[in-house]
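# Inside the fold
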Amino acid sequence: MAIDDTLEQHIRAEFIDEARDITNEIDVMLGNVRSDLVPQGEAIQAMRRHFHNLRIGARSVGLMAADVILHQMADYVDGVDQIGDRELDGLQAFTDLLRITLDTVQDETPAPSLREVVRQLPTVRTFDVNDIKLLDIVILLVSPQRSAGRIVERELMACGYRVVNVSKSFEALEMAVRLKPDLVIASAMLDELSGIDLACAILAMPTTQDIPFALLTSFGWGDPSLEGLPTRAAIIRKGGHFGDDLAEALSRFSIT
């Protein structure tokens, strides 16, 4: 075995050991919150630090499934100071799934697909979906602004779709390749790449060219700002046209 491979395996094993320790610590923390033994705000801040640090480690050793779980865990407690029993149950489910994922990597057993991992994730805290049947349809939402992303996310979840959120264009490209979502919805304004750049990339690469793409924008077809957007893409206008445009895009791509 090459030295580089041995070193990589050693680094990955170290990360898994550390992640397991932190996962156990989160278990204890969740139990303490339930028992009112620690202030909720203090526990939430500690969990956010853990999620952030573990995500860095997971990405550095190429554990995409763990990264997605941790990303959604962070999203679960984003912007809250208090969590109730439902959120605690959700975070416990996340933690259990993370532990299983880490065990799969260490035991070198066949790993589930990223899509299968997403199907097992709890629904996000920000929307009550108790009476909604979740479908096997995964939508990748790319939005640098949490508030704007939440609005779209709520609409999609109301339809029963599973939503994976990312905020960076290059992260979205990687996720599109690995996750193979049923639809990508991206804001027009992102970062180094615009939403139009992202559309061109995803719809041009052989591995992702069949993934439907919709651009979230303030403008309609024919506006100069949309020059370069592939005609295969759909547009979803913000504001009063949002609901109709979303429904039209979902119908156009036969996403039901």
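Residues numbered from 1 in each chain as written. Predicted model: local features only at pLDDT ≥ 70, side-chain atom pairs only at ≥ 80, totals over all residues. Heavy atoms only, no water.

### So, the overall build of the protein
The condition is simple: Going along the chain from the N terminus, every DSSP run of H or I of four or more residues is numbered as a helix, and every run of E of two or more is numbered as a strand. Partly exposed residues are those whose accessible area sits between 20% and 50% of the maximum for their type, while under 20% is buried and over 50% is exposed, using a 1.4 Å probe and protein chains only. Any two residues having at least one pair of non-hydrogen atoms within 4.5 Å are treated as being in contact. Only four residue types enter the charge count: Lys and Arg as positive, Asp and Glu as negative, with His and the chain ends excluded. Charged groups are reduced to one reference atom each: NZ for lysine, CZ for arginine, CG for aspartic acid, CD for glutamic acid.
When you go through the protein residue by residue, the secondary structure sums to nine helices and five strands. Seen in sequence order, the protein has helices and strands lined up from the N terminus as α-α-α-α-α-β-α-β-α-β-α-β-β-α. Across its three principal axes, the protein shows a C-alpha extent of roughly 55 × 50 × 30 Å. Counting only residues that meet the buried cut, the protein has 48% of its 256 residues in that class. Here the contacts in the protein between residues at least 6 apart in sequence split such that 66% fall between residues at least 24 apart. Distance from the positive charge centre (24 side chains) to the negative charge centre (40 side chains) of the protein: 4 Å.

### What about helix H2 (residues 40–60)?
Threshold: One fewer than the residue count of a helix, multiplied by 1.5 Å, yields its expected span.
For H2, spanning 21 residues, the distance from its first C-alpha to its last is 30 Å, which sits close to the expected 30 Å at 1.5 Å a residue. Among all positions in H2, only Gln40, Ala43, Ile44, Ala46, Met47, His50, Phe51, Leu54, Arg55, Gly57 and Ala58 are buried. Backbone geometry just downstream of H2 places Gly62 in the positive-phi region, at approximately 75°.

### Some remarks on the pattern of salt bridges
For clarity, the threshold we go by: Within this document, salt bridges are pairs made up of a side-chain nitrogen of Lys or Arg and a carboxyl oxygen of Asp or Glu, the two lying within 4 Å of each other.
According to the stated counting rule, one finds 14 salt bridges in the structure shown. With its nearest N and O atoms 2.3 Å apart, the salt bridge here joins Arg99 to Asp27. Linking Arg99 in helix H4 (residues 85–107) with Asp27 in helix H1 (residues 3–34), this pair joins segments that are 72 residues apart in sequence. Across the pair Asp89 and Arg34 runs a salt bridge, and its minimum N-O distance is 2.5 Å. Remark: Arg34 occurs in helix H1 and Asp89 occurs in helix H4; sequence separation between them is 55 residues.

### Concerning the packing of helix H7 (residues 169–179) against helix H8 (residues 195–204)
Helix-helix packing: each pair is described by the crossing angle between the helix axes and the interaxial distance. What counts is decided by this rule: Here, axes are lines fitted to C-alpha atoms. For helices the fit covers the stretch in contact, and angles between N-to-C directions go from 0 to 180 degrees. Angles below 35 degrees are treated as roughly parallel, those above 145 as roughly antiparallel, those between 65 and 115 as roughly perpendicular, and all remaining angles as oblique. Handedness of each helix crossing follows the sense of rotation of the near helix against the far helix: counterclockwise by less than a right angle gives left-handed, clockwise gives right-handed. Amino acid classes used here: Ala, Val, Leu, Ile, Met, Phe, Trp, Tyr, Cys and Pro are nonpolar; Asp, Glu, Lys and Arg are charged; the rest, including Gly, are polar.
Between H7 and H8, the shortest axis-to-axis distance is 11 Å and the interhelical angle comes to 20°. One finds that H7 runs roughly parallel with respect to H8. Here H7 runs over H8; the crossing is right-handed. The segment H7 lies against H8, with Ser169, Ala172, Leu173 and Ala176 engaging Leu198, Ala201 and Ile202. Taken together, the residues of the contact of H7 with H8 sort by class into six nonpolar, one polar and no charged.

### Here's the deal with the sheet that holds strand S2 (residues 162–166)
Our working definition: The rule for pairing is simple: two strands pair if DSSP sees at least two bridges between them.
Taken together, the five strands give an open sheet; going across it, the order is S2-S1-S3-S4-S5, and neighbouring strands pair in parallel fashion. Each edge of the sheet is formed by a strand with only one pairing partner; in this case those strands are S2 and strand S5 (234–237). Within the sheet, the average angular offset between the axes of one strand and its neighbour, ignoring direction, is 25°. Pairing of strand S4 (residues 213–217) with S5, which is carried by four bridges, proceeds in the parallel orientation. Note that in S5 the partner of Leu215 across the bridge is Ile235. Seen against the sheet, H8 touches strand S1 (138–142), strand S3 (183–187) and S4 and runs at an angle of roughly 180° to S4.

### A word on the packing of H2 against helix H3 (residues 64–76)
Across the interface, H2 lies against H3 with an axial gap of 8 Å and an inter-helix angle of 160°. The pairing of H2 with H3 is recorded here as roughly antiparallel in orientation. In the packing of H2 onto H3, the handedness of the crossing is left-handed. The segment H2 lies against H3, with Phe51, Leu54, Arg55, Ala58 and Arg59 engaging Met64, Ala66, Asp67, Leu70, His71, Met73 and Ala74. The class makeup of the residues in the contact of H2 with H3 is eight nonpolar, one polar and three charged.

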